[in-house]
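Chain residues, written in single-letter form:
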Amino acid sequence: MILGGRDRLGNINKSNFILFLISHGTICLGDSILLVATTLLIFDITKSGLWAGFNIIFTPVMSILLSPFAGSFGEGLNSKNTIAILNIARAFAVMLIVDNKSVWSIYLLLIIYNAIAILINPPMRKLTVTILENKELLLGNSLINGVGGIAYLVGPIAAGILVEKEGAYLLFIISSLLFAISGLTILLVKTNGYKQKRQKHYLDSSIMEGLSYYKKDKAVRKISSIYSFLYFTTSSINIAFYAYVFNTLCITKKEWGYILSIFYGTNIISMLVSIAMRDFIKKNTKLIVYLSMIIMSIPWIVYGNTHNTRMIFPMLIVEGSAFSSCTILLVSMRRYIARVTSIIDIIISFSKIGGIAFSYLILAYFEPSFVFIINSIAIFVFTLYKLLFTKAT
C-alpha cells in the first residue's frame, strides 16, 4: 500500500489518516498503561477496590466543568497544534506521579490529566471530520476503534507483566513518553485544502448557537438519551467491578492486565464487524445499538452469580464487543459541531456521575452482585421500551 500522495481507501486520504491512526494508537497505548499503573498503585496504597476505582469519577466531573469551554476551545484554535501541545502537557503531568506515594496527590494529578483529556476531545473530533468525508465516518471510526483496541490489547498485558517485575513507576515513565510521541506525530498530519470547507460547513459561532441547535435537533436529543442511559449503567457497573475483582476475587496484578486487555481489545472485533457489515449496519443502526446494549448486559448477570475468575474472561469479550459496537455506531450517528458535542458530553458526564454515585450508595449496604443484577434489568427494560414503543428516527 502506498502511503503518500492522494491514494485513497474510499475517500480517505491514506497518508493523513495513517498518521492520525498512529498518533491515536500511541495515545491509547499510553492511556492503557497508565490505567493499569494508577489502579494498581492506588490499590497497593489503600488495599481497596473502591478507592482504586474512585479515579473514574474525575473524567465526568472535569467534563462538566470544562466542556462548555472545550467546545469553543476546539473550534477556535488549530486542531493539530492544540492536540500536540495538550499531549505533551499530559506527558509532564504523568511524569509527576513517579515516586508519589500520597493517594490525594495522585488524585490531584489525575484530575489535571483528565482535564487535559477533556480539552483535547473537541480538536480531536474536529480533526477527524476534517480528514474524513461524511460517508466514510463509519469506516473511519471503525478503524480508529480498532487501532485503539490493538493498543488496549497489547498495553495492559505488557503493563501487567512489567509491574510485577519492575513496579508501577516504570509504567508512568513509559506512558509519559508515549503521550509525547503522539503529540509530535499529530503535527505531521496535513490539513491544507480541508480547513476552510470544513469550518464553513460544520462550525457555529457561539456556545448558545450550539445549544440552540441541540434543542432544535430531535435526532441529536434522542441519541444523547441513549448515550446517557448507556453511560449511567456502565459507570455504575465499573465501580462495582473494581470492588468485585479486587476484593471479592482477589485477582493478581497480571490478571488485572489481562482483564483490561480482553475488555478493551474487543474494539478489534467491533471494528472488523463494522467494516464487514457496514452497509447492513447503516440501514439498521438503532436496532443494532439496542440489541448490543442487551447483549452487553448479559455478562453482568454472570458476574453477579459467580466467584470464578476464569468465568469472567469470556464474559468480558461479550461485554466489551457489545459496548464497543454501541460507541462506534453512536459516534457515527452524530453530526459534528464542536459546541453541540460539548453539550452532549456534559449530559453524558452527569449520567456517569449518577451511575457512580448509585453504585457507591448500593455498595454501602449490598454486595457488588446486586449492582450487576439491577443494572442488567434496567438495560433490558430500557432497550425493550425503545424497541417496542418508540418510533424509529
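Residues numbered from 1 in each chain as written. Predicted model: local features only at pLDDT ≥ 70, side-chain atom pairs only at ≥ 80, totals over all residues. Heavy atoms only, no water.

Undergrad: Sorry, what's going on with the overall build of the protein here?
TA: Across its full length, the protein carries 17 helices and 2 strands. Sequence-distant contacts, at least 24 apart, represent 86% of the contacts inside the protein between residues at least 6 apart. Of the accessible surface of the protein, which amounts to about 17100 Å², a share of 68% is contributed by carbon and sulfur atoms. (Helix = DSSP H or I, 4+ residues; strand = E, 2+ residues; numbered from the N terminus. Contact = heavy atoms within 4.5 Å. Areas by Shrake-Rupley, 256 points an atom, 1.4 Å probe, with all protein chains shown as cover.)

Undergrad: Help me understand the packing of helix α1 (residues 14-46) against helix α7 (residues 168-186) in this model?
TA: Two packed helices can be described by the angle between their axes and the distance between those axes. Relative to each other, α1 and α7 sit at 160°, their axes nearing to 8 Å. Comparing their axes, α7 and α1 come out roughly antiparallel. As α1 runs across α7, the sense of the crossing is left-handed. (Axes fitted to C-alpha atoms, helices over the stretch in contact; angles between N-to-C directions. Parallel < 35°, antiparallel > 145°, perpendicular 65-115°, else oblique. Left-handed = near helix turned anticlockwise from the far one by under 90°.)

Undergrad: Would you mind going over the pattern of salt bridges with me for this structure?
TA: Think of it this way: side chains of opposite charge can pair up when their charged atoms draw near. Within the structure shown, the criterion is met by 2 salt bridges. A salt bridge links Lys 253 to Asp 44; the nearest nitrogen and oxygen atoms lie 3.2 Å apart. Of this pair, Lys 253 sits in helix α11 (residues 253-265) while Asp 44 sits in helix α1, and the two are 209 residues apart along the sequence. Note that Glu 164 is salt-bridged to Lys 254, the shortest N-O span being 3.9 Å. Within this pair, whereas Glu 164 is found in helix α6 (residues 137-166), its partner Lys 254 is found in helix α11, the two being separated by 90 residues in sequence. The partly exposed category is assigned to Glu 164, whose relative accessible area is 43%. (Salt bridge = Lys/Arg side-chain N within 4 Å of Asp/Glu carboxyl O. Buried < 20%, exposed > 50% of the residue type's maximum accessible area, 1.4 Å probe, protein only.)

Undergrad: Can you help me understand the environment of Leu 35 in this one?
TA: Relative to the assigned elements, Leu 35 resides in helix α1. A sequence separation of 137 residues divides Leu 35 from Phe 172, and the C-alpha atoms of the two residues are 9.7 Å apart. What Leu 35 contacts, discounting residues up to four positions off in sequence, is Tyr 242, Trp 256, Leu 260 and Tyr 264.

Undergrad: It is not clear to me how the side chain of Lys 80 should be interpreted in this structure. Could you clarify?
TA: Relative to the helices and strands, Lys 80 resides in helix α4 (residues 79-95). Here the side chain of Lys 80 touches Leu 187 through a polar contact of 3.3 Å, landing on its backbone oxygen. Sequence-distant contacts of Lys 80, defined by excluding residues within four places in its chain, comprise Leu 127, Ile 186, Leu 187, Val 189 and Lys 190. (Polar contact = N/O pair within 3.5 Å; in protein donor to acceptor, adjacent residues only side chain to side chain.)

Undergrad: Can you walk me through α11 in this structure?
TA: Two residues of an α-helix separated by three or four positions point the same way, owing to the 3.6 residues in each turn. For α11, which comprises 13 residues, the first-to-last C-alpha distance of 18 Å matches the rise-based estimate of 18 Å (1.5 Å per residue) to within 8%. Looking only at α11, the buried set comprises Trp 256, Gly 257, Ile 259, Leu 260, Ser 261, Phe 263 and Gly 265. (Expected span 1.5 Å × (residues − 1).)

Undergrad: I would appreciate a short explanation of the environment of Phe 241 in the present structure.
TA: Relative to the elements of secondary structure, Phe 241 occurs in helix α10 (residues 218-248). Among the residues examined, Phe 241 registers a relative accessible area of 11% and is labelled buried. Considered as a pair, Phe 241 and Trp 300 are 59 residues apart in the sequence and their alpha carbons are 9.4 Å apart. Those residues in contact with Phe 241, other than ones at most four positions away along the chain, are Trp 256, Ile 259, Tyr 303, Ile 312, Leu 316 and Phe 372.

Undergrad: In this structure, what is going on with the nonpolar core? I would like to understand it.
TA: It is characteristic of soluble globular proteins that their nonpolar side chains tend to be buried jointly. Among the nonpolar cores identified, the biggest contains 76 residues, and Phe 241, Val 245, Trp 256, Ile 259, Met 293 and Tyr 303 are the most heavily contacted of them. Take this core: its biggest share by element is 14 residues, from α10. Once residues lying within four places of it in the same chain are set aside, the contact partners of Val 245 are Cys 250, Ile 251, Trp 256, Ile 259 and Ile 312. Core analysis: the next-biggest nonpolar cluster, separate from the first, contains 19 residues, Leu 21, Met 124, Leu 139 and Met 271 among them. (Core = buried A, V, L, I, M, F, W, Y, C linked by side-chain atoms within 4.5 Å.)

Undergrad: Sorry, what's going on with α7 here?
TA: Between its first and last C-alpha atoms α7 spans 28 Å; for 19 residues at 1.5 Å apiece the expected length is 27 Å, and the two agree. All of the buried residues along α7 are Ala 168, Leu 171, Phe 172, Ser 175, Ser 176, Leu 178, Phe 179, Ser 182, Gly 183, Thr 185 and Ile 186.

Undergrad: What is the right way to read unusual backbone geometry from this model?
TA: With glycine set apart, most residues show a phi of negative sign, and most peptide bonds adopt trans. Positioned with a positive phi, Lys 47 is a non-glycine residue whose angle comes to about 60°. Structurally, the position occupied by Lys 47 is in the loop between α1 and α2 (49-53). Here Lys 47 falls in the exposed class, since its relative accessible area comes to 55%. The phi dihedral of Cys 250 falls on the positive side, at around 55°, and the residue is not glycine. Within the secondary structure, Cys 250 is located in the loop between α10 and α11.

Undergrad: Honestly, the packing of aromatic side chains in this entry has me stumped. Any pointers?
TA: Each aromatic ring pair is specified by the distance between its two centres and by the angle formed by the two planes. For the structure shown, the criterion picks out 26 aromatic pairs. When the ring of Trp 104 is compared with that of Tyr 107, the centres are 5.5 Å apart and the planes differ by 70°; the resulting orientation is edge-to-face. With Trp 104 and Tyr 107 both in helix α5 (residues 103-131), this residue pair falls 3 residues apart, about one helical turn. For Trp 104, a relative accessible area of 57% corresponds to the exposed category. Relative to Tyr 264, the ring of Tyr 152 has its centre 4.5 Å away and its plane inclined at 40°; by these criteria the two rings are tilted. (Phe/Tyr/Trp six-rings, centres within 6.5 Å; stacked < 30°, edge-to-face > 60°.)

Undergrad: For this particular structure, what's the right way to read the packing of α1 against α11?
TA: α11 packs onto α1 with a crossing angle of 145° between their chain directions and a minimal axis gap of 11 Å. Seen from above, α1 lies across α11 with right-handed handedness. For the pair α1 and α11, the contacting residues are Leu 35, Val 36, Thr 39, Leu 40 and Asp 44 in the first and Lys 253, Trp 256, Leu 260 and Tyr 264 in the second. Its residues assigned to classes, the contact of α1 with α11 comprises 6 nonpolar, 1 polar and 2 charged. (Nonpolar A, V, L, I, M, F, W, Y, C, P; charged D, E, K, R; others polar.)

Undergrad: Just checking my understanding: could you explain a nonpolar patch on the surface for this structure?
TA: A contiguous nonpolar surface patch, about 700 Å² in accessible area, is contributed by Leu 287, Leu 291, Leu 384, Tyr 385, Leu 387, Leu 388 and Phe 389. Secondary-structure elements contributing two or more residues to the nonpolar patch are α14 (285-303) and α17 (368-389). With 5 residues, the single largest contributor to the nonpolar patch is α17. The topology assignment puts Leu 387 in helix α17. Looking at Leu 387, the relative accessible area reads 31%, which means it is partly exposed. (Patch = residues over 30% accessible without salt bridge, like charges linked within 9 Å, V, L, I, M, F, W, Y side chains within 5 Å.)

By themselves, these are just geometric observations and shouldn't be taken as functional.
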